[in-house]
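Understanding the architecture of this molecule
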Amino acid sequence: MIRVAWLVAAKDLRIERRSRVLLWQVLPFGVMALLLSGLALGAAHAGHSNAAPGLYYLVMVLVALLMINRSQVIEGSPGTRASVATLGLDPAGVFLGKALALAVELWLTGVVLLAGAVLVLHTALGGTLSALPSVVVTLGALAAAGTLYGALSGGGQGPATLLPVLSLPAFAPLLIAGERSFSAALYGGALLQWWVISLVALVAYLAIGILLYGVLEES
Amino acid sequence: MIKQLSQRLLGPVTLLLLALTFWLGLWVTPPDKVQGNLARLLYLHPAVAWVALYVSFGTATIASALYLWKRSRSLVMDRVAHCAMEVSTVFILLTLITGSIWGRPTWGVWWAWDARLTSTAILGVFTVAYLALRRANDDAELRARRSAVFAIIAAINVPIVHFSVDWWKTLHQGATVFTQDGNLLVHGIMLWTLFISLVAFTLLFFWLLRARYRLDVLRGERDQASLEEALVQRRREGVH
């Protein structure tokens, strides 16, 4: 399972490196969304706003939706599913690999947007850095949940409008936990408690994915 | 014989108990010492929430799990899960509406960012998403498989809704009927009315589920018949 996971993750990341979709399409979208969030708050309120952690995670959720779709479209190209089925790859390994690749992409985007939050929304650098472990776990949970919901929405072949409807209710608790822990890192509060909630969500989604991804991929 | 009798009696008994609930709740029970007549809404809201969260969502989850389990895999389970989820959507909406009606005079607002309210609304979106997922898949087996997985994932939200009042200190009240030690907080006719309303709405769920299931079966038969008719017509066109 682990070997399959590494193979699938390496394959997805290699495709991403060659296509540069993350660099030229997703990242600019994320930066633009962060700027628009600041504009929506108003120039007078954008700096040092208590809403900065929430806005950061809102943008990350939007970015995640784009990347989940992208991750599933790769599998939707003609012959890919048939090849995976013929090779008899462990579905749990495929799920872990896709989730890992998506997590790596989200982590990279997340770090860039954290820097953006420091720059544009004036979040304190120290607090932002101490929020980093919780950001890593929350984005990991988003990746695991997203991979599962991506497969549920049709694996890149279903209607594009279905993915947000399916995944946003599941992302809501993650967004709350992420926002709370980021806020706690910036302004003080129960950082560990919210970090643990994100960690539990990550473990739960990984377990569900390992158990049920095979059912979704059955032909 | 017994099955037929229970099926025939389900509707009338449900209506009778619902009428009894309304009569007891509106005329027989006294107003609450603190909340006055507003407390009468509590003979409706908890029962509706009970059906929305536990009875209907629980039925949908169990039927979905049974579908995924290879030994009991059958499209009947999928159909039960679908119908239960549809009824659940209606009851979640009713829970939110009755909660809002109670919230306006009590809290001063129709909607508060309370943990129980928000998590219930999210659960409602889950049920709508489940129905959207079903509409997006034409193949019956694929639809059943994806919907079953989604229902099981969505069920994780039910304990979050249940324990939200304990985990987060927000506006919505905690346990009302029992204390944490298991002692009763409601007594006499108020307790009986609450109990009858729970039974009445549970029976209403099963009545609606049965009706929805029959409708689904009839719709399936009609679709099959029109497909066969279309095939016969095509064959005739080929002969001529």
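Look up: the structure comes first, before these words.
Below or above, wherever it landed, is the structure these notes cover.

Parameters at a glance
- Residues numbered from 1 in each chain as written.
- Chains lettered and ligands numbered in written order.
- Predicted model: local features only at pLDDT ≥ 70, side-chain atom pairs only at ≥ 80, totals over all residues.
- Heavy atoms only, no water.
- Contact = heavy atoms within 4.5 Å.
- Buried area = accessible area lost by both parts, 1.4 Å probe.
- Salt bridge = Lys/Arg side-chain N within 4 Å of Asp/Glu carboxyl O.
- Polar contact = N/O pair within 3.5 Å; in protein donor to acceptor, adjacent residues only side chain to side chain.
- Helix = DSSP H or I, 4+ residues; strand = E, 2+ residues; numbered from the N terminus.
- Expected span 1.5 Å × (residues − 1).
- Buried < 20%, exposed > 50% of the residue type's maximum accessible area, 1.4 Å probe, protein only.
- Phe/Tyr/Trp six-rings, centres within 6.5 Å; stacked < 30°, edge-to-face > 60°.

**Considering the interface of chain B and chain A**
- Contacts between the two partners involve 17 residues from chain B, matched on the other side by 19 residues from chain A.
- A buried area of about 1800 Å², summed over both sides, lies between chain B and chain A, and 76% of it is on carbon and sulfur atoms.
- Looking at the side of chain B facing chain A, the largest losses of area belong to R145(B), R146(B) and I153(B), adding up to 29% of the total buried there.
- Where chain B touches chain A, the interface holds zero salt bridges.
- For the pair chain B and chain A, the interface holds one residue pair in polar contact (both at pLDDT 80 or more).
- Where the side of chain B that touches chain A is concerned, the elements lending two or more residues are α4 (115-136) and α5 (140-154) of chain B.
- Element by element, the count of residues in the side of chain B that touches chain A is highest for α4(B), at seven residues.

**Focus on helix α2 (residues 21-41) of chain A**
Residue and element names in this part refer to chain A.
- Here α2 is 21 residues long and its end C-alpha atoms lie 29 Å apart, about the 30 Å a rise of 1.5 Å per residue gives.
- All buried positions along α2 are accounted for by V21, L22, V26, L27, G30, A33, L34, S37 and G38.
- Packed against the buried residues of α2 are α1 (2-19), α3 (43-46), α4 (52-76) and α6 (91-120).
- Once α2 ends, the next one or two residues include G42, with phi positive near 100 degrees.

**Considerations on the packing of aromatic side chains**
Residues and elements named next belong to chain B.
- Taken as a whole and judged by the stated rule, the model has 11 aromatic pairs over all chains.
- Between W50 and Y54 the ring centres are 5.8 Å apart and the planes differ by 45 degrees, which places this aromatic pair in the tilted class. In this pair, W50 and Y54 both sit in helix α2 (residues 45-68), four residues apart, roughly one turn of the helix.
- Aromatic side chains W111 and W113 sit 6.0 Å apart centroid to centroid with 85 degrees between the ring planes, which places their arrangement in the edge-to-face category.
- Residue classification places W113 among the exposed residues on the basis of a relative accessible area of 72%.

**Some points on the side chain of S167(A)**
All names here are of chain A.
- Mapped onto the elements of the fold, S167 is located in helix α9 (residues 162-187).
- For S167, a relative accessible area of 0% corresponds to the buried category.
- One polar contact links the side chain of S167 to the main-chain carbonyl oxygen of L163, over a distance of 2.7 Å.

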